[in-house]
Amino acid sequence: MAKAFQYSAILFLVIISALINQSQQLQSSQGETLLRIQRILNYPLILNSWNVSTDFCNSDPNPSLTVVCYQDSITQLHIIGDRRAPILPRNFSTDSFVTTLVTLPDLKVLTLVSLGLWGPLPGKIARLESLEILNVSSNFLYDSIPEDLSSLSGLQTLALDDNMFSGDLPRWLDSFPLLTVLSLRKNMFNGSLPNSLSNLENLRVLALSHNYFSGKLPDLSSLTNLQVLDLEDNSFGPQFPQLGNKLVTLVLSKNKFRDGIPDELNSYYQLRELDLSKNKFVGPFPPSLLSLPSITYLNIADNKLTGMLFENQSCSANLEAVDLSSNLISGHLPECLQSDSNKEKVLYAGNCLAIKDQNQNPISFCHNEALAVGILPQHKKKRQASKVIALGVIGGIAGGIALVVLIFLIVRKVNDKKTIKTPSTRLVVENASTGYPSKLLSDARYISQTMKLGALGIPAYRTFSLEELEEATNNFDTSAFMGEGSQGQMYLGRLKNGSYVAVRCLKMKRSYSTQNFMHRIELISKLRHRHLVSALGHCFECYLDDSSVSRIFLVFEYVPNGTLRSWISEGRARQTLNLAQRIAAAIGVAKGIQFLHTGIVPGVYSNNLKLTDVLLDQNLVAKISSYNLPLLAENTEKDGHGVSSGARKIEEDEKVDVYDFGVILLEIIIGRPLNSKNEVDVLKDQLQASISYDEDARRSMIDPAIHKGCSDQSLKTMMEVCVRCLLNNPEDRPSVEDVLWNLQFAAQVQDGWRGESGEGSPVSPSNPPPLQLNLH
């Protein structure tokens, strides 16, 4: 009996020992998984502390790196990297990365932000069956959301912000009955929203801003828990969405809504932030919105809202900022908005208010504009109705005939207006999508942070008045004239805020109306990037008799530091660029080209780029100043001009700009102007020979100004890129993404080089030359 007990005790100890060993082995296995993740991510700085002896489950958490364990198993993994870090290597694979991740089967929370992940999101991530929160924001993931995710019935948060996901929003979203947060900001989704969104009864946050969604919104009034709805910068409309009244934040700015503001908004007692700006809302502005009990921010700027305000109008005690600018509102500004402390927080310019501040229009302006958009004051409606009745009584039969004719003309005019409406962004995307190969977005690792945040610091695109531009250019005086080309005259102007702009004036044929141009103006408004001379706004001047456009004015940013050629091959005394600065300029040009190709849909190709088309700003940032504006119909219809036509493959159009970039890069390397294609071909062959020869041969080819200050490896990489760009067969030329990859490698090599550098950083001139924009 004693032996049996002793045997049982020994067996028990063996089992306990085995369980302990198994637990330690499990912990060791998951630790190895984390170290494998560290290797796959190319040892990012945030993971520097990880090594074989790291106790992952007991490490001190920080906002950028946290590992949470439960019973020796990892349940939460948070890694937030640095978008400015070097991009992941070419052999990175999202499939291999996710294959490694799914060996952590108990993960409930997974946060992988700003790590440079690129590629489609593999469906196998759904093998993490316990997942409740998935956040892979600020990476370079693309293609559609994998349907495999629909099996994650316990998912509560899905955040895919700031990537390049595309296609329609899947209809199986109601597979997530517990979903509370759906955030898809800053992607490339298009199409309309599926009705299945209405079934997500637990949803609290729906953030879809900065995409290409369009059309009427589904009925969201059943989402009784929804608190945040952010739809900014899409093409939703025209009807105001049907919503629940528990919203705290409602952002509908930069869309296509054009109905009136519904009375239901007055019952949104929890609403704190309301942004309806930059739409086409018409009808009266409800002053009661100012007094909603919780409202702190109200923005209705850039619409066609009418109505009157009164000095005794009350405001919410919580109201902090109001923007009523650029509407058709008259009356008096409420006293509650006029205190000195509110001067910077309350904006109301561009209305017809009885106040001298912030550039008010005369009352007749608002009346005329209201008539133009079909809004009639009540007394005028009654007067017109009386005239119609009188006409019927007095005129008898003849009057009846005239009335029938009048009604016919009115109906036809209304139908015409319905027919000639501005094409929506949805149409632009759909018409272009058939010609877009998946290859265009197949290498997301190349899409740089500059493309995502390229327009940072550029003023918002807006409509200018003719009076404003006349004042800026001194009535287009000859002293402001800068040149003339096939796309109009260029003038240098200075706005009231002191900033300089370049104003391009284009004369139009009489047959063109504003509707003919609006969809192209919409494309131009999206051509905003750190490496483009970006459009800031436009102005139409119309003939009074038929409202056709007589002139279009396009307003561009001012770039003060001259052309790139003037800094390289035109002999600026003591102000030449060293190799690192030249590579940076070349990278800037490549990123600008990349944005023209992929930053808007459809892309802008065959831009006939030259070194004189590249300007440097005060920080020596390169900006492309001349590219094919998608404006004139005859330009867009010609093969190889303007917006790419379906007759040519996009890959072929891309390679035209790649060749032109090769010519620019060649001049950057050799440091002298190129005058003919024959000269380019000769130099290309010499460059090719020097690459395979030796370092002395390579250095004999380059600008003497950078001879001593360059790494041979960096120089060789630049030469190889240049030669490939100049190959005769377009199919043999690299993609813009390949060009960027290699130039960024050359920049890293040059930055780490410790050679003899005799070149200092050039100093920006104290009196910058006038802005130069080529007009071809």
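Look a little higher up for the structure.
Cut-offs applied
Residues numbered from 1 in each chain as written. Predicted model: local features only at pLDDT ≥ 70, side-chain atom pairs only at ≥ 80, totals over all residues. Heavy atoms only, no water. Helix = DSSP H or I, 4+ residues; strand = E, 2+ residues; numbered from the N terminus. Buried < 20%, exposed > 50% of the residue type's maximum accessible area, 1.4 Å probe, protein only. Contact = heavy atoms within 4.5 Å. Areas by Shrake-Rupley, 256 points an atom, 1.4 Å probe, with all protein chains shown as cover. Disulfide = S-S within 2.5 Å. Salt bridge = Lys/Arg side-chain N within 4 Å of Asp/Glu carboxyl O. Phe/Tyr/Trp six-rings, centres within 6.5 Å; stacked < 30°, edge-to-face > 60°. Expected span 1.5 Å × (residues − 1). Polar contact = N/O pair within 3.5 Å; in protein donor to acceptor, adjacent residues only side chain to side chain. Pairing = 2+ DSSP bridges. Axes fitted to C-alpha atoms, helices over the stretch in contact; angles between N-to-C directions. Parallel < 35°, antiparallel > 145°, perpendicular 65-115°, else oblique. Left-handed = near helix turned anticlockwise from the far one by under 90°. Nonpolar A, V, L, I, M, F, W, Y, C, P; charged D, E, K, R; others polar. Lys, Arg positive; Asp, Glu negative; His and termini not counted.

Draft legend 1. Focus on the overall build of the protein chain. Secondary structure summary: the protein chain contains 16 helices and 32 strands in total. Expressed as a percentage of the 776 residues in the protein chain, the buried residues total 50%. Residue pairs at least 24 apart in sequence account for 59% of intrachain contacts in the protein chain once pairs closer than 6 positions are excluded. Carbon and sulfur atoms provide 52% of the accessible area of the protein chain, an area that totals close to 36500 Å².

Draft legend 2. The state of the cysteines, seen in detail. Taken as a whole, this structure holds three disulfides when the rule is applied. The disulfide that involves Cys315 links it to Cys336, with 1.9 Å between the sulfurs. Residues Cys315 and Cys336 are joined by a disulfide whose S-S torsion is about 40°; by sign, that bridge is right-handed. Linking Cys315 in the loop between strand 20 (308-309) and strand 21 (321-323) with Cys336 in the loop between strand 22 (330-331) and strand 23 (346-347), this pair joins segments that are 21 residues apart in sequence. Assessed through its relative accessible area of 22%, Cys315 is described here as partly exposed. With a sulfur-sulfur separation of 2.0 Å, Cys352 is cross-linked through a disulfide to Cys366. Disulfide Cys352-Cys366: the torsion about the S-S bond is 95°, which places it as right-handed.

Draft legend 3. Representation of the pattern of salt bridges in the model. According to the stated counting rule, one finds 13 salt bridges in the structure shown. Of the charged contacts in the structure, one is a salt bridge between Asp230 and Arg185, with a shortest N-O distance of 3.2 Å. Residue Asp230 is located in strand 13 (residues 228-230), and its partner Arg185 is located in the loop between strand 9 (181-183) and strand 10 (188-191); the two are separated by 45 residues in the primary sequence. Residue classification places Asp230 among the buried residues on the basis of a relative accessible area of 9%.

Draft legend 4. Representation of the environment of Glu731 within the structure. As for its position among the elements, Glu731 is in the loop between helix 15 (712-725) and helix 16 (736-752). On the accessibility criterion, Glu731 (71% relative accessible area) is exposed. Linking Glu731 and Glu652, residues 79 residues apart in sequence, is a C-alpha distance of 7.6 Å.

Draft legend 5. Fine view of the packing of aromatic side chains. One pass over the full model with this rule turns up 13 aromatic pairs. Relative to Phe97, the ring of Phe92 lies with its centre 6.2 Å away and its plane at 45°, an arrangement referred to as tilted. On the basis of relative accessibility, which here comes to 2%, the residue Phe97 falls in the buried class. Seen from their ring centres, Phe189 and Phe213 are 5.9 Å apart, and the 5° between their planes marks the pair as stacked. Of this pair, Phe189 sits in strand 10 while Phe213 sits in strand 12 (residues 212-215), and the two are 24 residues apart along the sequence. For Phe189, a relative accessible area of 0% corresponds to the buried category. By way of ring pairs, the aromatic residues Phe165, Phe189, Phe213 and Phe236 are connected into one cluster.

Draft legend 6. View of helix 15. Between the first and last C-alpha of helix 15 there are 20 Å, a value that for 14 residues agrees with the 20 Å anticipated at 1.5 Å per step. With 10 of its 14 residues buried, helix 15 lies for the most part within the structure. For helix 15, the N-terminal capping position is held by Ser711, with its side-chain oxygen 3.3 Å away from the main-chain nitrogen of Gln713.

Draft legend 7. Spotlight on the sheet that holds strand 22. Ordered by their spatial adjacency, three strands build an open sheet running 20-22-24, and the pairing between neighbours is parallel. Taken across any chain shown, the strands that pair with only one partner, and hence form the sheet edges, are strand 20 and strand 24 (352-353). Examined bridge by bridge, strand 20 and strand 22 share two bridges and lie parallel to one another. Looking at the pairing, Leu309 lines up with Gly331 of strand 22.

Draft legend 8. Quick look at unusual backbone geometry. The residue after Gly237, namely Pro238, is reached through a cis peptide bond having omega 5°. Of note, Pro238 is situated in the loop between strand 14 (235-236) and strand 15 (249-251). Positive phi, close to 60°, is recorded for Leu620, a residue that is not glycine. Along the polypeptide, Leu620 turns up in the loop between strand 31 (614-616) and strand 32 (622-624).

Draft legend 9. Spatial organisation of the packing of helix 13 (residues 677-691) against helix 15. For the pair helix 13 and helix 15, interaxial distance at closest approach is 10 Å and the crossing angle is 140°. Taken together, helix 13 and helix 15 sit at an angle that is classed as oblique. For the pair helix 13 and helix 15, the sense of crossing is left-handed. In contact with Lys684, Leu687, Gln688, Ser690 and Ile691 of helix 13, helix 15 contributes Lys716, Met719, Glu720, Cys722 and Val723. A per-class count over the contact of helix 13 with helix 15 returns five nonpolar, two polar and three charged.

Draft legend 10. Region of interest: the pairing of strand 30 (residues 549-557). The buried fraction of strand 30 is high, at eight of nine residues. As paired strands, strand 28 (residues 500-507) and strand 30 are joined by seven bridges and run antiparallel to one another. If you follow Val501 over to strand 30, its bridge partner there is Glu557. Two elements, strand 29 (residues 535-542) and strand 30, share seven bridges in a ladder whose sense is antiparallel. Across the sheet, the residue bridging to Cys539 is Phe553, located in strand 30.

Draft legend 11. Representation of the environment of Phe257 in the model. Counting through the fold element by element, Phe257 comes out in the loop between strand 15 and strand 16 (273-275). Measuring from C-alpha to C-alpha, the distance between Phe257 and Phe281 comes to 6.1 Å, with 24 residues separating the pair along the chain.

Draft legend 12. Structural view of the environment of Thr94. Here Thr94 lies in helix 2 (residues 94-101). It is 8.9 Å that separates the C-alpha atoms of Thr94 and Leu141, two residues lying 47 residues apart in sequence. Engagement of the side chain of Thr94 in a polar contact is seen with the backbone oxygen of Pro120, the distance being 3.1 Å.

Draft legend 13. Structural view of the side chain of Asp617. Relative to the helices and strands, Asp617 resides in the loop between strand 31 and strand 32. With no salt bridge to any partner, buried Asp617 finds its closest opposite charge in Lys623, at an N-O distance of 4.6 Å. A polar contact is formed between the side chain of Asp617 and the backbone nitrogen of Asn619, at a distance of 2.8 Å.

Draft legend 14. Structural context of helix 10 (residues 579-598). Compared with an ideal rise of 1.5 Å per residue, which puts 20 residues at 28 Å, helix 10 spans 28 Å between its outermost C-alpha atoms and is within 8% of the ideal. The element helix 10 is extensively covered by neighbouring structure, given that 18 of its 20 residues are classed as buried. Structurally, the start of helix 10 carries an N-cap: the backbone nitrogen of Ala580 is 3.2 Å from a side-chain oxygen of Asn578.

Draft legend 15. Expanded view of the sheet that holds strand 4 (residues 118-120). The six strands are arranged 4-6-8-10-12-14 in an open sheet whose pairing can be described as parallel. Whereas interior strands pair on both sides, the edge strands pair on one side only; in this sheet they are strand 4 and strand 14. As judged from the two bridges shared by strand 8 (residues 164-167) and strand 10, these two strands associate in the parallel manner. When the sheet's bridge partners are listed, Gly167 is paired in strand 10 with Phe189.

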